[in-house]
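Single-letter residue listing:
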Amino acid sequence: MVARPFTLRNPTPMPGWGLSFGIMVTILSIIVLIPMAVLLWRGFIGFGAAEMWEVVNRPRVWSALELSFRAALVASLFNLVFGVILAWVLVRYRFPGKRLIDAAVDLPFALPTAVAGIALTAIYAPNGVLGAPIGEVFGLRVAYTELGIWIALIFVGLPFVVRTVQPVIEEIDRETEEASATLGASRLRTLTHVVLPMLAPAALTGFALALARSVGEYGSVIFIAGNLPNVTEIAPLLIVIRLEEFDYDGAVAIAIAMLAISFTLLLAINLIQIWSRRRMGAV
Amino acid sequence: MNIEIEEIAKEFGTTAALHPVSLTIPSGTLVALLGPSGSGKTTLLRILGGLEFPSAGRVLFDGSDATGLTVQERRAGFVFQSYALFRHMTVFDNIAYGLRARPRKTRPSAPEIARRVTKLLDLIKLPDIGARYPSQLSGGQRQRVALARALAIEPRMLLLDEPFGALDAKVRRELRQGLRDIHDTTGLTTVFVTHDQDEAMELADLVVVMSMGRIEQVGKPEEIRSRPKTPFVREFITA
Amino acid sequence: MTDTIAIPSRPRAFRPATTEPAVVKWALIALCLAVLTVLLFAPLIAVFDEALRRGWAFALQSLLEPDAQSAIWLTLTVAAIVVPLNAAFGIAAAWAITKFDWRGKAWVITLIDLPFSVSPVVAGLLFVLMFGANSALGAWLVASGFPIVFAVPGIVLATLFITFPFVARELIPVMLEQGRAEEEAALTLGASGWRTFLTVTLPNIRWALLYGVLLCNARAMGEFGAVAVVSGKIRGQTTTMPLMIEMFYNEYLSVAAFTMAALLALLAFVTLTLKTALEWRYADQLAATHRH
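Residues numbered from 1 in each chain as written. Chains lettered and ligands numbered in written order. Predicted model: local features only at pLDDT ≥ 70, side-chain atom pairs only at ≥ 80, totals over all residues.

**Some points on the overall build of chain C**
Logical step 1: Across its full length, chain C holds 13 helices and 0 strands.
Logical step 2: For chain C, the succession of helices and strands along the chain, N to C, is α-α-α-α-α-α-α-α-α-α-α-α-α.
Logical step 3: Relative to the globule expectation of 19 Å for 292 residues, the C-alpha radius of gyration of chain C, 26 Å, shows a markedly less compact shape.
Logical step 4: Principal axes of the C-alpha set define a box for chain C whose edges measure 105 × 65 × 35 Å.
Logical step 5: For chain C, buried positions account for 46% of its 292 residues.
Logical step 6: In chain C, the share of contacts with a sequence separation of at least 24, taken over all contacts with a separation of at least 6, comes to 76%. (Helix = DSSP H or I, 4+ residues; strand = E, 2+ residues; numbered from the N terminus. Rg over C-alpha atoms; globule rule 2.2 N^0.38 Å. Buried ≥ 20, exposed ≤ 12 C-beta atoms within 10 Å, placed from the backbone. Contact = placed C-beta atoms within 7 Å.)

**Quick word on the pairing of strand β7 (residues 157–161) of chain B**
Side chains on a regular strand alternate between the two faces of the sheet.
All names here are of chain B.
Logical step 1: Across the 5 residues that make up β7, a large majority, 5, are buried.
Logical step 2: Neither face of β7 is open: one carries Met157, Leu159 and Asp161, the other Leu158 and Leu160, and all of them are buried.
Logical step 3: With 4 bridges joining them, strand β6 (residues 76–79) and β7 adopt parallel strand pairing. Across the sheet, residue Val79 finds its bridge partner in β7, namely Leu160.
Logical step 4: Inspection of the sheet shows β7 paired to strand β8 (residues 189–194) by 5 bridges, in the parallel sense. Each residue of the ladder has a partner; that of Asp161, found in β8, is Val193. (Pairing = 2+ DSSP bridges.)

**A word on the interface of chain C and chain B**
Logical step 1: Listed per partner, the contact involves 19 residues of chain C and 19 residues of chain B.
Logical step 2: Looking at the side of chain C that touches chain B, the elements with two or more residues in it are α9 (181–188), α10 (193–222) and α13 (254–291) of chain C.
Logical step 3: With 7 residues, the single largest contributor to the side of chain C that touches chain B is α9 of chain C.
Logical step 4: Broken down by class, the residue content of the side of chain C that touches chain B amounts to 9 nonpolar, 6 polar and 4 charged. (Nonpolar A, V, L, I, M, F, W, Y, C, P; charged D, E, K, R; others polar.)

**So, the interface of chain A and chain C**
Logical step 1: Each side of the interface is counted separately: chain A has 74 residues, and chain C has 76 residues.
Logical step 2: Counting residues per element, the side of chain A that touches chain C draws most heavily on helix α1 (residues 17–56) of chain A, which supplies 15 residues.

**Focus on helix α7 (residues 152–163) of chain C**
Logical step 1: The end-to-end C-alpha distance of α7 of chain C is 16 Å, a good match for the 16 Å that 12 residues give at a rise of 1.5 Å each.
Logical step 2: With 10 of 12 residues buried, α7 of chain C is to be regarded as a mostly interior element.
Logical step 3: Along α7 of chain C, the residues classified as buried are Gly154, Ile155, Val156, Leu157, Ala158, Thr159, Leu160, Phe161, Ile162 and Thr163 of chain C.
Logical step 4: Packing partners of the buried residues in α7 of chain C comprise α1 of chain A together with α3 (66–98), α5 (120–131), α8 (165–178), α10 and α11 (225–231) of chain C. (Expected span 1.5 Å × (residues − 1).)

**Notes on the domain arrangement of chain C**
All names here are of chain C.
Logical step 1: Along its sequence, chain C is organised into domain 1 (18–51) and domain 2 (56–288).
Logical step 2: On a C-alpha basis, the centres of domain 1 and domain 2 stand 31 Å from each other.
Logical step 3: Domain 1 puts 5 residues into the contact, and the matching count from domain 2 is 8 residues.
Logical step 4: Split into classes, the residues belonging to the side of domain 1 that touches domain 2 amount to 4 nonpolar, no polar and 1 charged. (Domains from an automatic or database assignment.)

**Describing the sheet that holds β6 of chain B**
Residue and element names in this part refer to chain B.
Logical step 1: With mixed pairing, the 6 strands of this open sheet are ordered in space as β6-β7-β8-β3-β9-β10. At either margin of the open sheet sits one strand with a lone partner, and together these are β6 and β10 (214–219). Taken over all neighbouring pairs, the strand axes of this sheet differ in orientation by 15° on average, direction set aside. (Axes fitted to C-alpha atoms, helices over the stretch in contact; angles between N-to-C directions.)

**Structural notes on the confidence of the model for chain C**
All names here are of chain C.
Logical step 1: Mean pLDDT for chain C: 88, with 91% of residues reaching 70 or above.
Logical step 2: Confidence over residues 287–292 falls short of pLDDT 50; this stretch has 8 contacts with residues more than four positions distant or in other chains.
Logical step 3: The ipTM, which scores confidence in the relative placement of chains, is 0.88 for this predicted complex, and the corresponding pTM is 0.85. (pLDDT = per-residue confidence, 0-100.)

**A short note on the environment of Leu267 of chain C**
Residue and element names in this part refer to chain C.
Logical step 1: Counting through the fold element by element, Leu267 comes out in helix α13.
Logical step 2: C-beta crowding within 10 Å serves as the criterion here: with 21 such atoms nearby, Leu267 is assigned to the buried category.
Logical step 3: Measuring from C-alpha to C-alpha, the distance between Leu267 and Ile97 comes to 32 Å, with 170 residues separating the pair along the chain.

**Describing the environment of Ala146 of chain B**
Residue and element names in this part refer to chain B.
Logical step 1: Relative to the helices and strands, Ala146 is located in helix α5 (residues 139–152).
Logical step 2: A C-alpha to C-alpha distance of 26 Å links Ala146 and Lys105, two positions 41 residues apart in sequence.
Logical step 3: Ala146 has contacts with Val79, Phe80, Tyr83 and Leu85, leaving out every residue within four places of it along the chain.

**Regarding the sheet that holds strand β1 (residues 3–12) of chain B**
Residue and element names in this part refer to chain B.
Logical step 1: Read across the open sheet, the 4 strands follow the order β2-β1-β4-β5; overall the sheet is antiparallel. Here the strands that pair on one side only, and so sit at the sheet edges, are β2 (15–25) and β5 (64–65).
Logical step 2: Summarising the sheet, strand β4 (residues 56–61) and β5 pair through 2 bridges and their orientation is antiparallel. Its bridge partner being in β5, Leu60 is matched across the sheet by Asp65.
Logical step 3: Contacts from helix α1 (residues 41–49) reach β1, β2 and β4 within the one sheet, and its direction differs from that of β1 by about 115°.

Encoded structure:
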């Protein structure tokens, strides 16, 4: 159907236009639009862009922002690679307990972040089940260091890549792989040159979703992070601290900085996706 | 019931799907709206059924202005191209749907509804499939169920959108005859949309050839064949 | 002219062209299992292990403490309010988006997805800014005895924001796929708008709806960051279960913290089981719609 210009009157005999559109717009405004507008207004008009920059442009804030984004990137890159592998294993291989594992992948979606937070800390603390051996064998501390943050964010972002890539793998026409083989390509070459490019857009989408989720993650991270300013203090925590000090303007400034960086990152990823889709065509 | 279409036009945004068209359909005729895709035939059918609002013009049923009637009030039995059977209801429930949807005052009792549904299943020659679900039926069977469902509401007219489209040749022939039989039995004014001229010529009493939102010619099948009025009709109709 | 092909005396095992060598397969499987154990299973086991460190009786007793009880009650109440509201919104938005054609849909869908890109802490901040005592609106609300921030309504609002997209996102693709023809058919058969919605649309979307509600509920009950900011963490009044976990943990009441965590983990299991069951059921339905 052709998209028509916007009208308030019901455009067709299909019932429910007024009610559904009305509810949608009203609740969207109350819950999403107006609060976001208030935030931006408070930041840009109430406080001022220059003032916000001044708040953000300090070592502690930069450290926190860098940490949040760096850790999110590292974790999401890990999830990108591991997620593709896991999706492949779940779709193509058969082994005992596969169904269980497949269901378990959704655990980070279903499990409350605070539960994940204390659980991971318990395991990776210096005296924990895994933290102790890692400390002895590798001399690494996991909990209360940036490494711990990486692990927490890997946990949080795990399902995103797997779940976006799985359906694509399921739809792959085996004949393309067979064709590659008949042309003399080794299995590895087939996988890297034929299969992976088909998965790339979905994987990238999953990566973007994992990144968006990890950057703002709070509950899973603050238990394992140690929260030392300039070292293991994530940006959301800094916002909370400002709020506890009643420094609303400071909190708003950092929040807007986070949103701006996230927005830019996601825009870049979207552009990459559009470019890659154009190059390879709709697969 | 006779149908008068007076200067009906329809625009979607800036595209004109129907330039003002006028047509008279005498009561009880079996009419084919024939044309290639984009000719506006489905749009016209949907306007008759109340599924689209015309941008201009009127529709008259038996002389009274029906343009303001809602879909529900029109009692136009509509058979969709995809049949649109209710996938989660049995065949029986599908056919009974329109009767059950009536307000209490005019709603028949449950035994009466059952009786009517059974009669309709006999009419479409599928007496035993009442308990099956649409996904368990073949294409031809679904088409007939869709027809029975539309007939159940005792419609004033029957509207069919490419009723034989997605079926193989043998099934189509059987269904064509079935439609003709039903039309002759019920005497309902019937309008169907098709791009297949053999179908139109074989079935219809009156053929309306359309192209690009305009009516090119209206007439009996032999007339259209032997005396094409416009270049389009000449080219489109291969004898 | 004949060409002889050397045939090996012992035929090699046949491996289809679309699989990897067995060694590679099992190595990858082992890798995945190892990572998942370290990342998913070990933490889960740890939750229950810590909770039961001092035995069942002690653990269950911790749940009966007044603070724990009020936290459980509050979590259930918030979920009971948030889930139906978001379900209603999701249905309305999906109907408006899929049954009608209009410009601007992409914008609206982006706005609906917005809460996914916002940190929970920022979500809490939004409502503190709007309704906190430092704003004109907030001050008036507090004075009139209807505080929102540092009270239950604030928690409800923040949770609504966080779980906002879940139901709509499940319904929109399914309803798009199902199209409008069945609803139009019902209309031609004389059904009113509401009857059409209740008897034709709802049954067709029930699994997708249930799925969305399930995810919404899981997130609503488990939300931490947004609630931490907006609730003021007033013990016994505005502490939900996740907040209570943090409090017990910070007070070194390890068993109490992990027992409550175990309770929420059980909720996660139930959610996952239902989710998997629905995926099997609803995959069937999706397959059926393809056959139509």
